[in-house]
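Close look at the chain arrangement
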Amino acid sequence: MNQLRIIGGEWKRRIIRFESVQGLRPTPDRVRETLFNWLMWDVAGRHVLDLCAGSGALGLEALSRGAASCVFVEPDRKQAATLSATLVQLNAQDRAQVWNCTAQQARARLTHTIDGLFLDPPYALTLWSSLAAQYQDALSAQAWIYVEADRDLSTLELPSHWQLHKHTRAGVVQSGLFRQQLDPTS
């Protein structure tokens, strides 16, 4: 079993365990710290979706920093069970759900709008564009979208009204925080 540490918020320094699943690569600590510094005032009270949850690091970090709720989508049964157990240990099961299904299957289950989307699919599957299109109508007007990839973000064919707000790079990991700009005149 692998582990990572929550960086900030209520569960700062808590160790989180996760399964050894092929292709599972938690967002590096430095990138998570940068992301949540960017989101400092934009997490509390928000409803977030950790679409390709893996270790759950991004959604757990959001909950630790006051997100109202988080849905974790994880197709690996064993890792989904580990995430559920982690939520019980953190006494957060009332603010979070773990859905053991693919990101594509999860869209039909999502019945509420989301204020924050973590879009970090397995790199080899190249799902950024298709998932962005599939979940676009689930985003609130004020939603932020975090995208992580192993390539230049401008090559991902994301919706044109997603405006890159912040960008960072750590080794091969490129990540960006996008915001919707639904009215181009604003």
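In this report, we go over the structure that sits alongside the text. (Residues numbered from 1 in each chain as written. Predicted model: local features only at pLDDT ≥ 70, side-chain atom pairs only at ≥ 80, totals over all residues. Heavy atoms only, no water.)

Quick word on the overall build of the protein
Where we set the bar: Only DSSP runs of H or I reaching four residues or more are called helices, and only runs of E reaching two or more are called strands; each is numbered from the N terminus. With C-alpha atoms as the basis for the radius of gyration, the globule rule is written as 2.2 Å multiplied by the number of residues raised to the power 0.38. Contact criterion: two residues are considered in contact whenever any of their non-hydrogen atoms come within 4.5 Å of each other. In these tables, accessible area is a Shrake-Rupley quantity obtained with a 1.4 Å probe, and a residue counts as shielded only by the protein chains included in the view. Here Asp and Glu are counted as negative and Lys and Arg as positive; His is not counted, and neither are the chain ends. In this description, the location of a charge corresponds to atom NZ of lysine, CZ of arginine, CG of aspartate or CD of glutamate.
Counting its regular elements, the protein contains 5 helices and 9 strands. Order of helices (α) and strands (β) in the protein, N terminus to C terminus: β-β-α-β-α-β-α-β-α-β-α-β-β-β. Relative to the compact-globule value of 16 Å for 186 residues, the protein shows a C-alpha radius of gyration of 15 Å, a close match. Each of the three principal axes of the protein carries a C-alpha extent, and together these read 45 × 30 × 30 Å. For the protein, long-range pairs separated by at least 24 residues make up 62% of all intrachain contacts whose partners lie at least 6 apart in sequence. Of the roughly 8900 Å² that the protein leaves accessible, carbon and sulfur atoms contribute 48%. Of the charged side chains in the protein, 19 are positive and 18 negative, and the gap between their average positions amounts to 6 Å.

Examining the packing of aromatic side chains
Heads up, the condition is: For Phe, Tyr and Trp, where Trp contributes only its six-membered ring, two rings pair if their centres lie within 6.5 Å, and the inter-plane angle classes them as stacked under 30 degrees, edge-to-face over 60, or tilted in between. Relative accessibility thresholds used throughout: buried, under 20% of the residue-type maximum; exposed, over 50%; partly exposed, between the two (1.4 Å probe, protein chains only).
A complete count under the given rule lists 5 aromatic pairs for this structure. For the ring pair W162 and F178, a centre distance of 6.3 Å and an interplane angle of 50° mean the geometry is tilted. Here W162 is found in strand β8 (residues 162–170), whereas its partner F178 is found in strand β9 (residues 173–180), with 16 residues between them in sequence. An identical accessibility class is assigned to W162 and F178; each is buried. Pairwise contacts between aromatic rings join F36, F118, W144 and Y146 into one cluster.

A word on the state of the cysteines
Worth spelling out the cut-off: By convention in this document, the label disulfide applies to cysteine sulfur atom pairs within 2.5 Å.
Per the counting criterion, the structure on display carries 0 disulfides. Its sulfur unpaired, C52 is 10 Å from the next cysteine sulfur, which belongs to C101. With a relative accessible area of 16%, C52 lands in the buried category.

So, helix α5 (residues 128–135)
To be explicit about the condition: Note: the arc covers the axis-to-C-beta directions of the helix.
The complete set of buried residues in α5 reads W128, L131, A132 and Y135. Summarising the axial view, the buried residues of α5 lie within an arc of 105°, below the 170-degree limit, and thus occupy one face. Those residues of α5 that are buried lie in contact with β3 (47–50), α4 (103–106), β6 (114–119), β7 (139–149) and β8.

Things to note about the nonpolar core
Short version of the rule: Only buried Ala, Val, Leu, Ile, Met, Phe, Trp, Tyr and Cys residues count toward a nonpolar core, and they belong to the same one when joined by side-chain atoms within 4.5 Å.
Counting 32 residues, the largest nonpolar core has L35, F36, L60, L63, F72 and F118 as the members making the most contacts within it. Within the residue set of this core, elements represented by two or more residues are β2 (15–18), α1 (29–38), α2 (57–64), β4 (69–73), α3 (77–89) and β7. With 5 residues, α2 is the single largest residue contributor to this core. Apart from residues no more than four positions distant in its own chain, F118 is found in contact with L35, F36, V48, L49, D50, L51, C52, L58, G59, A62, W144 and Y146. Counting 31 residues, the second largest nonpolar core, distinct from the first, contains L49, V73, L131 and V173.

Thoughts on the layout of surface pockets
Over the atoms a probe the size of a water molecule is rolled, and this reveals where empty space is left. To keep things clear, this is the line we draw: Each cavity reported here is a set of points on a 1 Å grid over the protein atoms alone in which a 1.4 Å probe fits but cannot get out, each pocket an open set with protein on both sides within 12 Å along at least five of seven lines, and each lining residue one with an atom within 4 Å of a point. Grid points are joined across faces, edges and corners, and a volume is the space filled by probe spheres set on the points. Amino acid classes used here: Ala, Val, Leu, Ile, Met, Phe, Trp, Tyr, Cys and Pro are nonpolar; Asp, Glu, Lys and Arg are charged; the rest, including Gly, are polar.
Considering only enclosed or pocket space, the largest pocket measures out at about 480 Å³ in volume. Forming the boundary of the largest pocket are 28 residues, of which G23, C52, G54, E74 and P122 lie nearest the centre. Residue assignment for the lining of the largest pocket shows that the elements contributing at least two residues are α2 and α4. Counted by class, the lining of the largest pocket contains 15 nonpolar, 8 polar and 5 charged residues.

As for the sheet that holds β6
Quick reminder of the rule: The criterion for strand pairing is that DSSP finds at least two bridges linking the strands in question. A fitted line through C-alpha atoms represents every axis, and for helices the fit uses only the stretch in contact; the resulting angles, taken between N-to-C directions, go from 0 to 180 degrees.
Overall, mixed pairing links the 7 strands, which are arranged β5-β4-β3-β6-β7-β9-β8 in an open sheet. Each of the sheet's edge strands pairs with one partner strand only, and the pair in question is β5 (96–99) and β8. Across this sheet, the average inter-strand angle for adjacent strands is 15°, counted without regard to direction. Looking at chain direction, β3 and β6 are connected through 3 bridges and run parallel. Its bridge partner being in β6, D50 is matched across the sheet by F118. Against the sheet, α2 makes contact with β3, β4, β5, β6 and β7, and its axis sits at roughly 170° relative to β4, the strand it touches most. The sheet strands contacting α5 are β3, β6, β7 and β8, and the helix crosses β7 at an angle near 170°.

Just geometry here; none of it tells us what the structure is for.
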